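# Structural overview
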Amino acid sequence: MKPNNLESLWMPFTPNKAFKKDPRIIVSAKGMHFTSDDGRLILDGTAGLWACNASHGRSKITEAVARQLEELDYSPPFQFGHPKQFELANRLSEIFPEGMNHVFFSNSGSEAVESALKIALAYQRSRGKGSKTRLIGSEKGYHGTNFAGISVGGMVKNRMYYGSLLSGVDHIRHTHLPELNSYSRGQPEHGAELAEDLERLVQLHDASTIAAIILEPVKGSSGVYPPPKGYLERIREICTKHDILLIFDEVISGFGRLGK
Ligand SMILES: Cc1ncc(COP(=O)(O)O)c(C=O)c1O
């Protein structure tokens, strides 16, 4: 059944007028299918919006959520803790690469990005490197919808309406080289040298002013661009050389969606 009135809701990343003239309404989901309001089964080829990796409506998950709501629906996160948040953080630390052993939870990818950038700035300041305040992003990068995220992001339509954004931000070039890499499978052969663009920004701003660079290891929202072979390794080297924090935004690509 279609809702009677579609007016009040502003839908994100959706041409609202066009949608509301011819709405596509999903009313339920099970396994790998959605069901539309007119009863059609639709294959969900993107696992929600990459958010339902374990498929839709798994009874194990709904039962666990219901059990938790009965036992403890909410506890304040400031100055109080509950056992399961520590348990989950410990389990995540065990599967993270060595040396990454602390977890800060957030409610969305956008909020995770803002938190990561704030942590980077606060970290530099707290170790006596308070002049390291610049944040570097990349052309075609996507880091969510909040102000810092669109500032370090490089998707023009997400930035152009919102004024001068965060100050002290710069961008390295994207690695999309269709003339060299078209039809390549997996990581493309060409483009590792584009990592030197970070070195260019270091020469321009000086490393003593740069706190962190944030990148999607595989760019997702702007078109799905795997990194050229050797590119991320070179970025890592430049960051180490200049004492710049390297933040990988794996909101789309992490946790079993890619890799082993
Ligand atoms: C790389 C990346 N960062 C951040 C975000 C923002 O996540 P959210 O939509 O949960 O705020 C996304 C969302 O697709 C993303 O792909």
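Worth saying up front: this structure is predicted, and the values here are computed from it rather than measured. (Residues numbered from 1 in each chain as written. Predicted model: local features only at pLDDT ≥ 70, side-chain atom pairs only at ≥ 80, totals over all residues. Heavy atoms only, no water.)

With that settled, consider the overall build of the chain. Counting its regular elements, the chain contains ten helices and seven strands. For the chain, the spread of C-alpha atoms along the three principal axes comes to 60 × 50 × 40 Å. Taking all 260 residues of the chain together, the buried fraction comes to 32%. Restricting to contacts in the chain with at least 6 residues of sequence separation, those with at least 24 account for 59%. Counting only carbon and sulfur atoms, one obtains 58% of the accessible surface of the chain, whose full area is about 17,700 Å². Between the centroid of the 31 positive side chains of the chain and the centroid of its 29 negative side chains there is a distance of 2 Å. (Helix = DSSP H or I, 4+ residues; strand = E, 2+ residues; numbered from the N terminus. Buried < 20%, exposed > 50% of the residue type's maximum accessible area, 1.4 Å probe, protein only. Contact = heavy atoms within 4.5 Å. Areas by Shrake-Rupley, 256 points an atom, 1.4 Å probe, with all protein chains shown as cover. Lys, Arg positive; Asp, Glu negative; His and termini not counted. Charge placed at Lys NZ, Arg CZ, Asp CG, Glu CD.)

A full pass over the atoms with the stated rule returns two cavities of 30 Å³ or more. As for the largest cavity, its lining consists of Thr175, Leu215, Glu216, Pro217, Lys219, Tyr225, Pro227, Tyr231 and Leu232. Split into classes, the residues belonging to the lining of the largest cavity amount to six nonpolar, one polar and two charged. In this structure, the second largest cavity encloses a volume near 30 Å³. Partitioning the lining of the second largest cavity into residue classes produces three nonpolar, seven polar and no charged. (1 Å grid on protein atoms, 1.4 Å probe; cavity = no way out; pocket = protein on both sides within 12 Å on 5 of 7 lines; lining within 4 Å. Points joined across faces, edges and corners; volume = space filled by probe spheres on them. Nonpolar A, V, L, I, M, F, W, Y, C, P; charged D, E, K, R; others polar.)

It is worth spelling out the site of the ligand at this point. Close to the ligand lie Trp50, Ser108, Gly109, Ser110, Tyr142, His143, Gly144, Glu216, Ser221, Asp249, Val251 and Ile252, which account for all nearby residues. Here Gly109 contributes a backbone N or O atom positioned 2.8 Å from an oxygen atom of the ligand. Taking Ser110, its side chain carries an N or O atom lying 2.6 Å from an oxygen atom of the ligand. Surface burial for the ligand is 79%, taken as the share of its 390 Å² of free accessible area covered by protein chains. Grouping the amino acids of the shell around the ligand by side-chain chemistry returns four nonpolar, six polar and two charged. (Near = heavy atom within 4 Å. Polar contact = N/O pair within 3.5 Å; in protein donor to acceptor, adjacent residues only side chain to side chain.)

Below, the discussion takes up the sheet that holds strand β7 (residues 245–248). Judged by pairing direction, the sheet is parallel, and its four strands sit side by side in the order β5-β4-β6-β7 without closing on themselves. Both outer strands of the open sheet, β5 (169–172) and β7, are each paired with one neighbouring strand and no more. Each neighbouring strand pair of the sheet contributes to a mean axis angle of 25°, computed without reference to strand direction. Across the sheet, helix α9 (residues 196–205) lies against β4 (134–138), β5 and β6 (210–215), angled at about 150° from β5, the strand it touches most. (Pairing = 2+ DSSP bridges. Axes fitted to C-alpha atoms, helices over the stretch in contact; angles between N-to-C directions.)

The grouping of Phe147, Val156, Met160, Tyr161 and Tyr162 at the surface amounts to a nonpolar patch, some 590 Å² of accessible area in total. As for its placement among the helices and strands, Tyr162 is situated in the loop between α7 (156–159) and β5. (Patch = residues over 30% accessible without salt bridge, like charges linked within 9 Å, V, L, I, M, F, W, Y side chains within 5 Å. Salt bridge = Lys/Arg side-chain N within 4 Å of Asp/Glu carboxyl O.)

As judged from the four bridges shared by strand β1 (residues 26–30) and strand β2 (residues 33–36), these two strands associate in the antiparallel manner. Following the sheet pairing, Ile26 is matched in β2 by Ser36. Here β1 folds back onto β2 in antiparallel fashion, the turn holding two residues, of which Gly31 has a positive phi close to 60°.

Moving on, we get to the packing of aromatic side chains. Aromatic ring pairs: the centre-centre distance and the angle between the two ring planes describe each pair. For the coordinates displayed, the defined rule picks out three aromatic pairs. Considering the side-chain rings of Phe96 and Phe255, the 6.2 Å spacing of their centres and the 65° angle between planes classify their relative orientation as edge-to-face. Placement of Phe96 in the loop between α4 (83–95) and α5 (109–126) and of Phe255 in the segment after β7 is noted, with a sequence separation of 159 residues between them. For Phe96, a relative accessible area of 26% translates into the label partly exposed. (Phe/Tyr/Trp six-rings, centres within 6.5 Å; stacked < 30°, edge-to-face > 60°.)

We now examine the pairing of β5. Of the two faces of β5, the one holding Val169 and His171 and the one holding Asp170 and Ile172 are both buried throughout. Of the pairings in the sheet, the one linking β4 to β5 comprises four bridges and is parallel in character. When the sheet's bridge partners are listed, Ile136 is paired in β5 with Asp170.

This paragraph deals with the pattern of salt bridges. Taken as a whole, this structure holds nine salt bridges when the rule is applied. Across the pair Glu71 and Lys84 runs a salt bridge whose closest N-O atoms are separated by 3.4 Å. Of this pair, Glu71 sits in helix α3 (residues 59–71) while Lys84 sits in helix α4, placing them 13 residues apart in sequence. Of the residues examined, Glu71 reaches a relative accessible area of 60% and is grouped as exposed. Ionic pairing is found between Lys129 and Asp243, a salt bridge with its closest N-O pair at 3.0 Å. Taken as a pair, Lys129 in the loop between α5 and β4 and Asp243 in the loop between α10 (231–242) and β7 lie far apart in primary sequence, 114 residues in all. Owing to a relative accessible area of 29%, Asp243 belongs among the partly exposed residues under this scheme. By sharing partners, the salt bridges in this structure join Arg127, Lys129 and Asp243 into a single network.

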